Amino acid sequence: MLNASDGAMTAVPDRPEVPGGVTAARLHPLTPFARGWAAMIAATVVIGQDALRDADLLQLFAILVAVTAVGLLAGAFTWWFTRYVVEGDDLRVDTGFVFRKTRHIRLSRLQAVDVVQPLVGRLLGLAELRLEVAGGGGAEGRLAYLSEGVARRLRAELLARAAGVNPDTPEAPERLLVRVPFTAVLGSVLLAMWFPVMLAAVVPLVVLAFALSEPALVAVAFPVGIAFATVAWRQIEGAFDFTVAESPDGLRLRHGLLARRSQTVPPGRVQALRVTEPYLWRWRNWVRVQVNVAGYAGSGEAAQAATAVLLPVAPRSVALAVIGRILPGVALDEVPLVPAPPAAARARPLWWRGLAAGADDRVFVARRGLITRQLDVVPHGKTQSVRLVQGPWQRRLGLASVYLDTTRGPVQAEVAHRGAGEARELTRAQAERARAGRAGAGPERWMTAPAEPGPTSAFGGTGEPGPDAG
Amino acid sequence: MTLDPSRRPGAETVTAPPAAAEAGPVDPFGLGVGWTAVSPRLQVLRRSVLLGLMVLLALVGVGLIVAPGPGTLAGLGILALTVAVTAAAGGWVLIGRNYLSWGYAERDEDLLIVRGWLFRNLVVVPYGRMQFVDVNAGPLERRFGIASIQLHTAAAASDARIPGLPPDEAARLRDTLARLGEARSAGL
């Protein structure tokens, strides 16, 4: 990659000095070990297969030492040439020895800051700092690994600079909003749609196996069970001890069992929301809230599923209260929704009844689904573009669909199968509302906004006790 | 309305039968906007490529028929020939229809792009949301004297393209979009 300032490759001096005498810092010295331990063990196992087979411990140990030495040496080389420094409005990261690479990350474009601690990091007291900037394709700004204290201080400094306040401001205080109890997480996994399906598939097989004395049937059920157990584990691991707190820095989301993750989403960086209500969760009035944050969608489905969740499971009232902190002054349940016309029945039989959409002066809401109900919310100012689409079958029926595009993420607001005239009006109106929303949006440096009276300021708290997930 | 021959004013509502698309794609959704069509050279380019490929396929087919050998080769040859002829005829019509459906309109705050004959698509891209504007011209496009513009917003789904623009129009559009995008730029 090229040096951003002049578009040509320039040599990076050994000890870069920036105005003010701030020298670039290196990552934590234990980084090569923390990053490579899994690979080193894998390499040892592969190279020392014979030693494993013969249970020759001495040889195995020798191979382990050799592989570790080589790995650490290579890692140390990379570590020596990786430096970072905060320069005014940017975070600059220099890497590489032969191919020098400098990456400037504009702090005013910061979308989210995450501090991630994998298991080995927690044991060693290390943490990884991840910066998400607009347009990121994952791994945009990744500093792995720093010591925990340094990571937290750096995060506070970066957020302060992004907010437009003095960078020496200490870490912003936070107010706990929601903590998701383990019983809720477990219940949500057991009540997810696939779990009863899996039971219905596996249990008869096991019963049959015993009834017919045919153990082979169990062998069929086994991989199915393993697959579902993996999915369940991932969901539980990701949602363990999920807490949502708010601070002047934005929303703080903490979760994780083995790998502990701490995400900070500054105000105004939530592009869209989705509230999902699976069928079996309605018994407990639970919903799940997911968000679109620019930069979170970069690394593919699995990573997106892990980071784009605002609340993995919570009672509906609690979820609406949290959404009320992100979108102050918006009452989701009071937005007037217009259902799809009966003509939509021929385009989407049965499920057309679940389609509805509407807008008030702050957000656009689209609802879909009968069994799993889904509500997509897009603030007007966050609409990127509006698309009007009509396929040949829709043309025949006089229908069209409208899509509101936001940044990449799980939420895609779709208004399906409206009358053509209605869809046209919707497109025109939404383009106008988006323009008004953009005009009324706060500045990117959120702390520099003039203080507004009324219920618009969502952060800082007035001492009211936060709602608790029960 | 100017006398610009490339402009095709019209008002075709969405409920009009597809056959009326021959008259011009413009305003297929009835928004009451004056659309600018793209250069007819786009049509010529695409049809030339189609004909070239189909002639090649037909030659292969004929070769297979004429060549001595088992009957299956002749059968394949006939198949290839049939495919070539149908694809050429069908593609010719489809390319024409698709070309007619392309249009764009510059409004005060946003750019509208309409495309598609079977699957009609209209996208409204606000100037303030445009992050990059690229002008691309591959070797064939340069040969035929057209270029295409690619817009990037923060949403992957709304990356809009306008192909078949005359180079000076492409340059003008890119400069206008860049200027307006900068002027109305909105934070993410």
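As the structure is a prediction and not an experimental result, all values here were calculated from the model.

Colleague: Provide a residue-level description of the overall build of chain B, including the pertinent values.
Modeller: Looking only at helices and strands, chain B has 4 helices and 7 strands in total. Put simply, chain B runs from its N terminus to its C terminus through helices and strands in the order β-α-α-β-β-β-β-α-β-β-α. Relative to its full complement of 188 residues, chain B shows a buried share of 44%. Partitioning the intrachain contacts of chain B with sequence separation of at least 6 by distance along the chain shows that 52% fall at a separation of at least 24.

Colleague: Which residues make up the packing of helix H1 (residues 31-47) of chain A against helix H3 (residues 57-80) of chain A, and what values go with them?
Modeller: Residue and element names in this part refer to chain A. Closest axis-to-axis distance for the H1/H3 pair is 9 Å, and the angle between their directions is 145°. The two elements H1 and H3 meet at a crossing, and its hand is right-handed. Two secondary-structure elements touch here, H1 through Thr31, Pro32, Phe33, Met40, Ala43, Thr44 and Ile47 and H3 through Leu60, Ile63, Leu64, Val67, Thr68, Gly71, Leu72, Gly75, Ala76 and Trp79. A per-class count over the contact of H1 with H3 returns 12 nonpolar, 5 polar and no charged.

Colleague: Could you give an account of the interface of chain B and chain A, naming the residues involved and the relevant values?
Modeller: Across the contact, 29 residues belong to chain B and 32 residues belong to chain A. At the boundary of chain B and chain A, one finds 0 salt bridges. Looking at which element gives the most residues to the side of chain B that touches chain A, the answer is strand S4 (residues 120-126) of chain B, with 7 residues. Taken together, the residues of the side of chain B that touches chain A break down into 18 nonpolar, 6 polar and 5 charged. Pairing between strand S21 (residues 385-390) of chain A and S4(B): 5 bridges, direction antiparallel. Residue pairing for S4(B): Arg387(A) is matched across the bridge by Val123(B).

Colleague: Could you give an account of the sheet that holds strand S20 (residues 373-379) of chain A, naming the residues involved and the relevant values?
Modeller: All names here are of chain A. The strand order across the open sheet formed by 7 strands is S16-S15-S14-S20-S19-S18-S17, and the pairing between neighbours is antiparallel. A strand with exactly one partner marks an edge of an open sheet, and here the two such strands are strand S16 (309-315) and strand S17 (338-339). Against the sheet, helix H10 (residues 316-326) engages strand S14 (270-277), strand S15 (286-293) and S16, with an angle of about 145° to S16.

Colleague: A description of a nonpolar patch on the surface should follow, citing residues and the corresponding values.
Modeller: Residues and elements named next belong to chain A. Together, Leu30, Phe33, Trp37, Ile41, Val45, Leu52, Leu72, Leu119, Leu123, Leu124, Trp233 and Leu258 give the surface a local cluster of nonpolar side chains, amounting to about 1,100 Å² of exposed area. Secondary-structure elements contributing two or more residues to the nonpolar patch are H1 and helix H4 (119-124). Examining the composition of the nonpolar patch, we find that 4 residues originate from one element, H1, more than from any other. Take Trp37: it is sitting in helix H1.

Colleague: Tell me about the packing of aromatic side chains, residues and numbers included.
Modeller: Residue and element names in this part refer to chain A. Taken as a whole and judged by the stated rule, the model has 6 aromatic pairs over all chains. Between Phe77 and Phe81, the ring centres sit 5.3 Å apart and the planes meet at 65°, which makes this aromatic pair edge-to-face. Overall, Phe81 belongs to the buried group, its relative accessible area being 11%. Judged by centre distance (5.6 Å) and plane angle (80°), the ring pair of Phe77 and Phe97 falls under edge-to-face. Linking Phe77 in helix H3 with Phe97 in the loop between strand S5 (90-95) and strand S6 (101-106), this pair joins segments that are 20 residues apart in sequence. Phe77 sits in the partly exposed class, given a relative accessible area of 47%. By relative accessible area, Phe97 is classed as partly exposed at 41%. Among the aromatic residues, those joined into a cluster by ring pairs are Phe77, Phe81 and Phe97.

Thresholds applied
- Residues numbered from 1 in each chain as written.
- Chains lettered and ligands numbered in written order.
- Predicted model: local features only at pLDDT ≥ 70, side-chain atom pairs only at ≥ 80, totals over all residues.
- Heavy atoms only, no water.
- Helix = DSSP H or I, 4+ residues; strand = E, 2+ residues; numbered from the N terminus.
- Buried < 20%, exposed > 50% of the residue type's maximum accessible area, 1.4 Å probe, protein only.
- Contact = heavy atoms within 4.5 Å.
- Axes fitted to C-alpha atoms, helices over the stretch in contact; angles between N-to-C directions.
- Left-handed = near helix turned anticlockwise from the far one by under 90°.
- Nonpolar A, V, L, I, M, F, W, Y, C, P; charged D, E, K, R; others polar.
- Salt bridge = Lys/Arg side-chain N within 4 Å of Asp/Glu carboxyl O.
- Pairing = 2+ DSSP bridges.
- Patch = residues over 30% accessible without salt bridge, like charges linked within 9 Å, V, L, I, M, F, W, Y side chains within 5 Å.
- Areas by Shrake-Rupley, 256 points an atom, 1.4 Å probe, with all protein chains shown as cover.
- Phe/Tyr/Trp six-rings, centres within 6.5 Å; stacked < 30°, edge-to-face > 60°.

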